[in-house]
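# Residue-level structural notes
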Number of protein chains: 2
Amino acid sequence: MLLGAQPTIDPQIRHRLQTADGTVVVARDLNRFTTFCHEQRDRYAGLVIVDATADAEVASRYPAWLAAGIHIVTPNKKAFAGDLTLWEAMHDATRVAQAAGRPSHVLHESTVGAGLPVLSTLNDLLATGDEVHTIEGIFSGTLSYLFNRYSTVAGDAPPFSEIVATARQLGYTEPDARDDLSGADVARKVVILARVCGLHLSLADFTVENLVPAALQDASIDAHAFLTRLAESDAAMAARQAAARQAGQVLRYVGHVDVAARTARVSLAAYPASHPFASLQGSDNMVAFTTRRFPQPLTIQGAGAGAAVTAFGMMADLLRLQRSVVRC
Amino acid sequence: MLLGAQPTIDPQIRHRLQTADGTVVVARDLNRFTTFCHEQRDRYAGLVIVDATADAEVASRYPAWLAAGIHIVTPNKKAFAGDLTLWEAMHDATRVAQAAGRPSHVLHESTVGAGLPVLSTLNDLLATGDEVHTIEGIFSGTLSYLFNRYSTVAGDAPPFSEIVATARQLGYTEPDARDDLSGADVARKVVILARVCGLHLSLADFTVENLVPAALQDASIDAHAFLTRLAESDAAMAARQAAARQAGQVLRYVGHVDVAARTARVSLAAYPASHPFASLQGSDNMVAFTTRRFPQPLTIQGAGAGAAVTAFGMMADLLRLQRSVVRC
């Protein structure tokens, strides 16, 4: 299991590979670790590396590990939403490994909606020949919480900046709330879903609505000053909310993949009060698959962030691998 | 693949086993077929029988087939909601097969919610050590449709008997609508969910609210006469709806498993307008798992009946088996 650079964890165990016979391989140097995996591939093929980091540098080694017949289970979005060449290199590597008789798999359920069965369901739909038309969802627990509180049909919420400040105090946002409001994390999940559907889509290919006012996007404004100054744009947000409310609608921050049109978008949009997005509670995620078999969408809802549910997704992936890997 | 007694299907292919090398074994006699599977177990272990019937007689042979190392994929609820001894015999048979080096599995995703990932999600929660507190859901597409139309917050629906008659005309109910209104089908799904959670529960162990008025349960009243006379109880149903509406609630026909209390119930109950059950559309099913990791429930929603989505669940099970069965 690969862990991130958390100061409480002995650096000795940062990169280690524990084999079935109890051998522990420790490597603080990713290059040497990767070379070792390759050289020892006859011995270590079929093992699983669990990458519990969010590290692009670690993700860049996946193709080499997969080619050596080593499986990967991870919630690390960097590997799947980054450069398309890395995505393709992983697929090439699994083909190489398969041809060499060391089949390897990379499972990453927890990259979208944590433990919610989002990617496993999408993979089942695709593998059984369904035609996925659209995938639409609320993929950020933080933005779910903010708009579930702010944009109600009753319309009696405090100003948007106050709700953001409260969420920051409760630890519901990143240390700098702009990291949530930018929509970048939602966009990464949209890229992953689109790519699983076979679209060659990257972050630069579609529009992501940044909820941080243009004047406050400058990194020289610190996180605290940002929260104070966010009130300047409360009136603009209130106008959008009032317009939605007048039409009997609510605002939700939604990621959308249109598979047929091969496009995606991430934006704050208005939904009628009867839409499932409107009745979302707390900080739940929700994803709706509209397909040939499910013209009325197949919908999955629940907590999409947090340690326990992320670990659940990783454990479920590990068990899937265990069932599929029979040593002969 | 085992098919039901549909007159359009050549009886010759009713019970057949097609092997990887193309051999087709045809048997119209289940006893001889089962004996054959047992005698030829060294040759046929690892094959899959897809039971597409709803036949209790076929289900009674599952233990023998599983013991011979043959996998089963089926939407046949009879095998899992019937006598507890059959359920236990299947588990004993898989242990026997495992010990004999012919591991076999029975997968039945489509028995609850058709292709919706209900049982796979429940199995993942349990296998990864989560603690399931309750499972609550709307498990009948027909009853979902009836109450989504009848019981709204607006409260402007036609009488209940009229909605049932319309649903019958549209083919949304069984030929005799009492087969839906009795709740027996919902109760079977509740039994399956409870047993997957480890409860030794059978249909006789809990209360199922029968929506057929007592005076109309007599089988001597035919399906048509039943529909005509159902209007006699419209006033009683309207009173329940009015009481719910006065409290800002709607009526939904719900199955409930309380895992900690080891009990279940199936009943028409009132839910607040903000509850996810209240915003259900069309004939969708919905199931909510409340667990240690998901105190706010993990919820799955979508079409839970129909040929295409039932076949989807069976195909997904077949692919799961294919991934897990590596011939050495």
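Residues numbered from 1 in each chain as written. Chains lettered and ligands numbered in written order. Predicted model: local features only at pLDDT ≥ 70, side-chain atom pairs only at ≥ 80, totals over all residues. Heavy atoms only, no water.

Here we come to the domain arrangement of chain A. Residues and elements named next belong to chain A. Assigned domains within chain A: domain 1 (11-113 + 308-324) and domain 2 (118-303). Taking the mean C-alpha position of each, domain 1 and domain 2 sit 30 Å from one another. Summing both sides of the interface, domain 1 and domain 2 together bury roughly 1,400 Å²; the carbon and sulfur share of this comes to 67%. Connecting domain 1 to domain 2 are 1 salt bridge. In this structure, Lys77 engages Asp185 in a salt bridge whose closest nitrogen and oxygen atoms are separated by 3.4 Å. Put simply, the parts of the chain that give the side of domain 1 that touches domain 2 at least two residues each are helix H5 (78-81), helix H6 (84-99) and helix H14 (307-324). Looking at which element gives the most residues to the side of domain 1 that touches domain 2, the answer is H6, with 3 residues. Classifying every residue of the side of domain 1 that touches domain 2 gives 6 nonpolar, 4 polar and 5 charged. (Domains from an automatic or database assignment. Buried area = accessible area lost by both parts, 1.4 Å probe. Salt bridge = Lys/Arg side-chain N within 4 Å of Asp/Glu carboxyl O. Helix = DSSP H or I, 4+ residues; strand = E, 2+ residues; numbered from the N terminus. Nonpolar A, V, L, I, M, F, W, Y, C, P; charged D, E, K, R; others polar.)

Residues and elements named next belong to chain B. The parallel open sheet is built from 3 strands, whose spatial order is E3-E4-E5. What marks the edges here is a single partner per strand, and that holds for strand E3 (48-50) and strand E5 (106-107). With 3 bridges connecting them, E3 and strand E4 (residues 71-73) associate as parallel partners. By the bridge assignment for E4, Val50 is matched with Val73. Across the sheet, helix H14 (residues 307-324) touches E3, E4 and E5, and the angle it forms with E4 is around 155 degrees. (Pairing = 2+ DSSP bridges. Contact = heavy atoms within 4.5 Å. Axes fitted to C-alpha atoms, helices over the stretch in contact; angles between N-to-C directions.)

It is worth spelling out the interface of chain A and chain B at this point. Every contact between the two is made by 32 residues of chain A and, on the other side, 32 residues of chain B. Here chain A packs against chain B, burying approximately 2,800 Å² in sum over the two surfaces, 63% of which is carbon and sulfur. The salt bridge involving Arg320 of chain B is made with Asp124 of chain A; its shortest N-O contact spans 3.1 Å. For the interface between chain A and chain B, the tally reads 6 residue pairs in polar contact (both at pLDDT 80 or more). If you tally residues by element for the side of chain A that touches chain B, the top one is H14 of chain A, at 9 residues. In this sheet, strand E11 (residues 298-302) of chain B lies alongside strand E11 (residues 298-303) of chain A in antiparallel orientation, the contact comprising 3 bridges. Within the sheet, the bridge partner assigned to Thr299 of chain A lies in E11 of chain B and is Gln301 of chain B. (Polar contact = N/O pair within 3.5 Å; in protein donor to acceptor, adjacent residues only side chain to side chain.)

Turning next to the relation of the copies chain A and chain B. Between the two copies, chain A and chain B, the superposition gives an RMSD of 0.0 Å; the rotation angle is 180 degrees and the shift along the axis is 0.0 Å. Within this description, the copies of the chain are treated as partners about a two-fold rotation axis. A shared binding surface is used by both copies, with 100% of the interface residues of chain A retained as interface residues in chain B. (Least-squares fit on C-alpha atoms with pLDDT ≥ 70 in both.)

Residues and elements named next belong to chain A. Two elements in contact, helix H7 (residues 118-127) and helix H11 (residues 184-196), have axes separated by 10 Å at closest approach and are oriented at 20 degrees. One way to sum up the angle between H7 and H11 is to call them roughly parallel. Handedness of the crossing formed by H7 with H11: right-handed. Each of Val118, Leu119, Leu122, Asn123 and Leu126 in H7 lies in contact with H11, whose residues at this interface are Ile192, Leu193 and Val196. (Parallel < 35°, antiparallel > 145°, perpendicular 65-115°, else oblique. Left-handed = near helix turned anticlockwise from the far one by under 90°.)

Turning our attention to the pattern of salt bridges. Note on pairing: side chains with opposite charge can pair once their charged atoms come close. All names here are of chain B. Under the definition given, this model contains 25 salt bridges over all chains. Between Glu131 and Arg292 there is a salt bridge, with its nearest N and O atoms 3.9 Å apart. With Glu131 in the loop between helix H7 (118-127) and strand E6 (132-138) and Arg292 in the loop between strand E10 (285-291) and E11, the pair connects residues that are 161 residues apart, well separated along the chain. Taking the relative accessible area as the measure of exposure, Arg292 reaches 46% and is therefore partly exposed. (Buried < 20%, exposed > 50% of the residue type's maximum accessible area, 1.4 Å probe, protein only.)

All names here are of chain B. Within the secondary structure, Asp218 is located in the loop between strand E7 (207-208) and helix H12 (223-229). When its relative accessible area of 44% is taken as the criterion, Asp218 is described as partly exposed. One polar contact links the side chain of Asp218 to the main-chain amide nitrogen of Ser220, over a distance of 2.8 Å.

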